[in-house]
Amino acid sequence: MKHPCSHRKGIKLLLCIFGKLLLAILVGIMLIHFWFYATAPVYKFAEPQPFTGNSFYNPYADIDSSQWKKGNFQVQSYAWLGLTNGRKNSNEAIYELYKQLGYDIIVTSDYQSINTFGIDSPAYIPTYEHGYGLNKYHQVCLGAKKVLWRDYPFFPSLSQKQDIINRLQANNDVIALAHPALRDGINFTDMKYLSGYHLIEVLNNIRFSVQHWDTALSNGHLAYIIGNDDAHDISNPMEVGRACTFINTSKLDQQSILDALKAGKAYGADIYMGDNETFAQKAQKAKHIGYLKKLDVKNDTLRIWLSDTAAEIRFYTKLGKLETILRDCKHGFYKILPQNPYVRTEVQLRDKTVLYLNPVFRYENAVHSNRSLAQLDEQATLRWRLGWFGGFAVLCLLLLVIRVRYKKRK
């Protein structure tokens, strides 16, 4: 029979080993993130320019109004052994619930993990939500080929935020800035200068970021809308079937869906939800949501046709300025003023659902994409890196001196 002291010694030894292992992991994580910050580039940013020109780009010019597909690109499932928020949601339950609510495109965006559920379906889109910082600077990565583990989790600078977008470009077809307004993850200065992404998650069950969108558009960034539930608990009716994206595509395959999103052939919808609304009520209401039939620009006049009479049609321009409201109409128009760099339209349906349309914007010769304002500042980058590695060297030397003196005292 073992002595009780031997048993206690065994427990202490295990705790000691576990403590050292945990300490080694923490030190490893700290060193990795030290490397991320120490090697981060520093950019200088040109001043943005608004959309200009006598021509208008209309993303809805050649849509087929019978081909609207309802999609959601943000919902979390059980991942990472249940450590992340989404642990209650199985892939099968997500698929069945969203099908019940009339969704054609159902995409799961787990944190730092590409979900492979439904990989054999043509409509499968490999996706994940990048980012693990405290301030929620996240990106929804669509058409993802691999996960980027680099991030700046503590107070990232504008240059570091731009660096993440640049790094994501290599392995993702579409990059969407996720919930910019959440925890001030992206402020208005960021929206003025950041580039290289395709979409902004303007509508999110947690936060709406319409002002961030208008800031980007007002500074000449061609950024289209995406709307998502971003549900973490699909058993809660208040988290599901609220914000979505309608995409105009005749084919339900990955490339067609992503091409339509990048071309702006989509709009976001904030689906009105009554108190204590059940999933059955949601499913029934989803069958009768009004939709965009046509939008064109003739000379300098934007014209819009809807499937149903709207309570309001609202036209917005630079910095989100409300220009005109039309009430109780199925068709409307707005004469674009010379000072309007872009015009975007919101449609409030009679059931209080609101459709957020992509903008019509000016261009001169060729339609530009989200042009980059960032240029590597080599001297500032060198100073930044020397500062970090120099500081690390001084810290190591200081610790070495303290250790030597401690040993001498013993």
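What counts and how
- Residues numbered from 1 in each chain as written.
- Predicted model: local features only at pLDDT ≥ 70, side-chain atom pairs only at ≥ 80, totals over all residues.
- Heavy atoms only, no water.
- Helix = DSSP H or I, 4+ residues; strand = E, 2+ residues; numbered from the N terminus.
- Buried < 20%, exposed > 50% of the residue type's maximum accessible area, 1.4 Å probe, protein only.
- Contact = heavy atoms within 4.5 Å.
- Areas by Shrake-Rupley, 256 points an atom, 1.4 Å probe, with all protein chains shown as cover.
- Lys, Arg positive; Asp, Glu negative; His and termini not counted.
- Charge placed at Lys NZ, Arg CZ, Asp CG, Glu CD.
- Salt bridge = Lys/Arg side-chain N within 4 Å of Asp/Glu carboxyl O.
- Patch = residues over 30% accessible without salt bridge, like charges linked within 9 Å, V, L, I, M, F, W, Y side chains within 5 Å.
- Polar contact = N/O pair within 3.5 Å; in protein donor to acceptor, adjacent residues only side chain to side chain.
- Phe/Tyr/Trp six-rings, centres within 6.5 Å; stacked < 30°, edge-to-face > 60°.
- Lys NZ or Arg CZ within 6 Å of the ring centre and 35° of its normal.

As for the overall build of the protein
Check the secondary structure of the protein and you find eight helices and 18 strands. With respect to the principal axes defined by its C-alpha atoms, the protein has extents near 85 × 60 × 35 Å. Counting every position in the protein, which comprises 410 residues, the buried fraction comes to 50%. Considering only intrachain contacts with a sequence separation of at least 6, the fraction spanning at least 24 residues in the protein is 69%. For the protein, the computed accessible surface area is about 20600 Å², with 58% contributed by carbon and sulfur atoms. Side chains of the protein carry 50 positive and 36 negative charges; the gap between the two charge centres is 11 Å.

Things to note about the pattern of salt bridges
Tallied over the full model, the rule gives 16 salt bridges. Close ionic contact of Lys145 with Asp173 constitutes a salt bridge, the shortest N to O distance being 3.3 Å. In this pair, Lys145 is assigned in the loop between β6 (138-142) and α3 (158-168) and Asp173 in the loop between α3 and β7 (174-178), connecting sequence segments 28 residues apart. Judged by its relative accessible area of 23%, Asp173 falls in the partly exposed class. The salt bridge involving Arg167 is made with Asp163; its shortest N-O contact spans 2.8 Å. One end of the pair is Arg167 and the other is Asp163, both in helix α3 and four residues apart, which spans about a single turn. Three or more residues are tied together by salt bridges with common partners; here these are Asp214, Glu312, Arg314, Arg327, Arg344 and Glu346.

Some words on a nonpolar patch on the surface
On the surface, Leu23, Val27, Leu31, Phe392, Leu395, Leu398, Leu399 and Ile402 cluster together into a nonpolar patch covering about 720 Å² of accessible area. For the nonpolar patch, the secondary structure elements donating two or more residues are α1 (4-38) and α8 (378-409). Among the elements that make up the nonpolar patch, the one with the highest residue count is α8 (five residues). Summarising the element assignment, Phe392 is placed in helix α8.

Some details on the side chain of Arg344
The residue Arg344 is located in strand β15 (residues 342-349) in this model. Since its relative accessible area comes to 1%, Arg344 is described here as buried. Here Asp214 takes part through its side chain, which lies 2.8 Å from a polar atom of the side chain of Arg344. Every residue in contact with Arg344, bar those within four places of it in the chain, is listed here: Val210, Trp213, Asp214, Leu217, Arg314, Phe315, Tyr316, Tyr356, Leu357 and Pro359.

Some words on unusual backbone geometry
Despite not being glycine, Leu81 has its phi angle at roughly 60°, a positive value. Secondary-structure assignment places Leu81 in the loop between β3 (68-72) and α2 (91-100). With a phi close to 60°, Asn276 is a non-glycine residue in the positive phi region. Note on Asn276: relative accessible area 71%, which makes it exposed.

Here we look at the packing of aromatic side chains
For the coordinates displayed, the defined rule picks out 18 aromatic pairs. Relative to Phe389, the ring of Trp35 has its centre 5.9 Å away and its plane inclined at 65°; by these criteria the two rings are edge-to-face. Separated by 354 residues along the polypeptide, Trp35 in helix α1 and Phe389 in helix α8 bring together distant segments of the chain. Among the aromatic residues, those joined into a ring-pair cluster are Phe34, Trp35, Tyr37, Tyr152, Trp384, Trp388, Phe389 and Phe392. Positioned over the ring face of Tyr137 is Lys161, at 5.7 Å from the centre of the ring. A cation over an aromatic ring shows up here: Lys294 above the ring of Trp305, its NZ or CZ 4.8 Å from the ring centre.

Quick look at α3
For α3, a buried count of eight out of 11 residues is recorded, marking the element as mostly surrounded by other parts of the structure. The complete set of buried residues in α3 reads Ser159, Gln160, Lys161, Gln162, Asp163, Ile164, Ile165 and Leu168.

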